[in-house]
Amino acid sequence: MKAATKIKKIIRERCLVLDGATGTELQRRGMPTGVCPETWCIDNPLVISGIHEDYRKAGADVIYTCTFGANRVKLAQYGRSDVESINRELALLTRRAVGPGVLVAGDIGPMGRFVEPFGDVLFDEAMDIFREQIRGLVAGGVDLLVIETMMDIQEARAALLAARETTDIFTMVTMTFEAGERTLNGTEPAAALVTLQSLGADAAGCNCSTGPAEMVGLASAMNPFRAVPLVAKPNAGMPQLQSDGSAVFTMTPEEFAGYGKSFVENGVGLLGGCCGTTPDHIVALKKALNDATPPVCPRTRPAALSSCRKAVVIDRGGPLMIVGERINPTGKPSLQEELRSGRTDLISRMGREQERHGADLLDVNVGVPGIDQKKAMANAVKALSVASSLPLVIDASDPDVIETGLRLYPGRALINSISGETSRMERLLGLARRYGAMFILLPLTEGGVPETADERKSIVRNIYREARRHGFSKNDFVVDGLVMTVSSNPAAPAETLKTVEWASHRFRCATLLGLSNVSFGLPERPWLNAAFLAMAQSGGLTMAIADPAGEELMNIKAAGDVLDGRDTDAERYCRRFAGLSGIAKKQTDAPSTLPERIHRAVMEGSRDEIVSLLERSVADGNDPQKLLSESLIPAITDVGDCYEKKELFLPQLIAAAETMKRGVAYLEPLIKKDDSSADGASGTIVMA
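What counts, and at which threshold
- Residues numbered from 1 in each chain as written.
- Predicted model: local features only at pLDDT ≥ 70, side-chain atom pairs only at ≥ 80, totals over all residues.
- Heavy atoms only, no water.
- Pairing = 2+ DSSP bridges.
- Helix = DSSP H or I, 4+ residues; strand = E, 2+ residues; numbered from the N terminus.
- Axes fitted to C-alpha atoms, helices over the stretch in contact; angles between N-to-C directions.
- Disulfide = S-S within 2.5 Å.
- Buried < 20%, exposed > 50% of the residue type's maximum accessible area, 1.4 Å probe, protein only.
- Phe/Tyr/Trp six-rings, centres within 6.5 Å; stacked < 30°, edge-to-face > 60°.
- Lys NZ or Arg CZ within 6 Å of the ring centre and 35° of its normal.
- Contact = heavy atoms within 4.5 Å.
- Salt bridge = Lys/Arg side-chain N within 4 Å of Asp/Glu carboxyl O.

1. Some words on the sheet that holds strand β16 (residues 414-419)
Next, step 1: Strand order in the closed barrel formed by 8 strands is β13-β14-β15-β16-β17-β18-β19-β20, and the pairing between neighbours is parallel. On average, adjacent strands in this sheet sit at an angle of 30° to one another, irrespective of strand direction.

2. A closer look at the state of the cysteines
Next, step 1: All chains considered together, the criterion is met by 0 disulfides.
Next, step 2: Counting only cysteine sulfurs, Cys208 is the nearest neighbor of Cys274, a cysteine outside any disulfide, at a range of 4.2 Å.
Next, step 3: For Cys274, a relative accessible area of 12% puts it in the buried group.
Next, step 4: Just so you know, Cys275 is unpaired, no disulfide at all, and the nearest cysteine sulfur is the one on Cys208, 3.8 Å from it.

3. Things to note about the packing of aromatic side chains
Next, step 1: According to the stated counting rule, one finds 7 aromatic pairs in the structure shown.
Next, step 2: Between Trp502 and Phe507, the aromatic rings sit 5.0 Å apart at their centres with planes inclined by 20°, giving stacked as the arrangement. With respect to class, Trp502 is no different from Phe507; both count as buried.
Next, step 3: Three or more aromatic residues joined by ring pairs form one cluster here, namely Phe439, Tyr464, Phe472, Phe477, Trp502 and Phe507.
Next, step 4: Sitting over the ring of Tyr64, Lys233 keeps its end group 3.6 Å from the ring centre.
Next, step 5: The lysine or arginine in question, Lys474, covers the ring of Phe507, its NZ or CZ lying 4.0 Å from the ring centre.

4. Considerations on the sheet that holds strand β5 (residues 170-175)
Next, step 1: Pairing within the open sheet is parallel, and its 8 strands lie in the order β1-β10-β7-β6-β5-β4-β3-β2. Edge positions in the sheet fall to β1 (16-17) and β2 (62-64), since each of these pairs with one other strand and no more.
Next, step 2: Sheet topology note: the strand β3 (residues 103-108)/strand β4 (residues 144-150) ladder contains 4 bridges and is parallel. Bridge pairing in β4 links Asp107 to Val146.
Next, step 3: Where helix α10 (residues 212-222) meets the sheet, its contacts fall on β6 (203-208), β7 (230-234) and β10 (268-271), and the angle it forms with β7 comes to roughly 165°.

5. Some remarks on the pattern of salt bridges
Next, step 1: Summed over all chains, the structure comprises 45 salt bridges.
Next, step 2: Residue Glu13 pairs with Lys9 through a salt bridge whose shortest N-O separation is 2.7 Å. Taken as a pair, Glu13 and Lys9 lie in helix α1 (residues 3-13) at a separation of 4 residues, close to a single helical turn.
Next, step 3: In this structure Lys9 comes out as partly exposed when scored by relative accessible area, which is 35%.
Next, step 4: Two residues, Asp82 and Arg80, come together in a salt bridge whose shortest N-O distance is 2.8 Å.
Next, step 5: If you follow the salt bridges from partner to partner, you end up with Asp124, Asp128, Arg131, Glu165, Asp400, Glu403, Arg407, Arg427 and Arg434 in one network.

It is worth stressing that arrangement in space is one thing and function is another; only the former is reported here.
This is the structure we're talking about:
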């Protein structure tokens, strides 16, 4: 029996007990500070073998190799480059220590550097780094891989994709969360789970982070989105600082194990310990889980998308969702020019504005003739991943461009779209499976646009049959009703509405319309779009591609949600028209003066825009010193305040800091020039 099959069988029958801490145990057993743990263990095999053996005797089903930092980046800090051989040797050492009856997990930790778009490590470079480590672990005979203590969802994705492209063994991924139940980069637990399980993780969850009391809450947040077993490896409580400056974990084994059944009740099927836990903690945990019934996993993934920050459920019974349509260069000369120049400030601004106006998702299309669309899509995905918290809809006619976006996107995206054209369908279904994406099912074939609802139903069924062969369920796609222009075919809207009603109520899956096409060639188009939306809402429409700044349409949407029973107690409707959300009003807080726009540019991390704004401001006669002290410095201070309040997260903080750096670099020579011509002593500026 293959190890992956064996693991899945055990998890169905009982909870799988993982081992406890390695690092704190090594320190307790004599490993000095400042050494490379991996090479120290190779030089002192009896110590690490003793830890492994003690966890086996304690009842752990899975023992982790001591390879947490055995990647190219971390080993280079100790002058070592023999990554594969170190991982292989430590995997073999673990197997010798525990024997054949226990599962050995190849342990993969973070590099200590952030991956694009949040850091300077290229995504493919990160994958190469993890592949190298994985090859060594697989050569050493590990039964499964565990990617753990990840603070950056993009790094976790790189490691998981590297595993999936290198081996087919069981792979689990655990993130580490801060006190506010988000990772350092701002990812919430549900978003992490949706992203990782869709990308192919066999189990996912969290480790380190907190003690068991707090980690139960993290598991609870993940549980409603679970399609794979959850993993939890909490610390032995929170460390207590001693008078000599050392930190110790004081939670007893009995206290620790007391949370075991609470974890299981919240979907956790694999449970062990992290920092501060010992073999005694695992003994107690094993005993506590002896009669626990393992949680049952749903058969299908939930209909949910994710960004690097949050998860969004595609709820057929919930309020109608809006896919922001503005990031599309058709008819937008300014966006076309930005795409040609390789800049992304306008794309970021469009993303933020659509989010403020109430969009739930963002469609991203970079289809400008004559440009490198793969590069443009990569730039757009990176910019929007930092600028907005909304999941993305990757929209392109070229499958290679779609793959570029999916590979780099730090979440679960929606593909726009997969039709019944045979060659395109096969390629895109393969991409959706590889990268865990949902997709828009477009009832279209090589034979052209089907005019009737019955023809469209037949195509939907055919594509669905093919999608099932690739492992997809109805939760993994959204049916497009196919909107045609009423001015050229008065019967077209009725056929679209029939398709939506059938897909929503008979076929029972999510539905979508691209509204604007219905009114093409007619005057006062927003009214036609809004009226068509209202008709489609009554037929069960789930989402619409539209401009969320369109007040007529968004007001009709809000009213329709109430009348369809999708807005409980008319809460959203009342909030909108009471002005509490500001979504219904046209944006009134747009900065009007150049100094205000400079302040906003720093807040939003508009790196490509800041110098041109400062140049214009200086040309208008504004004093460089005042621009620094009255625009840049207050802006970066506000960024810090927002970061402390968890309104902004590390990626936004970094973008703002880089924008500030560029702004200061431009102003500094001008300020020095002014100082040199001034009488008396120059002042002193202190920046922290």
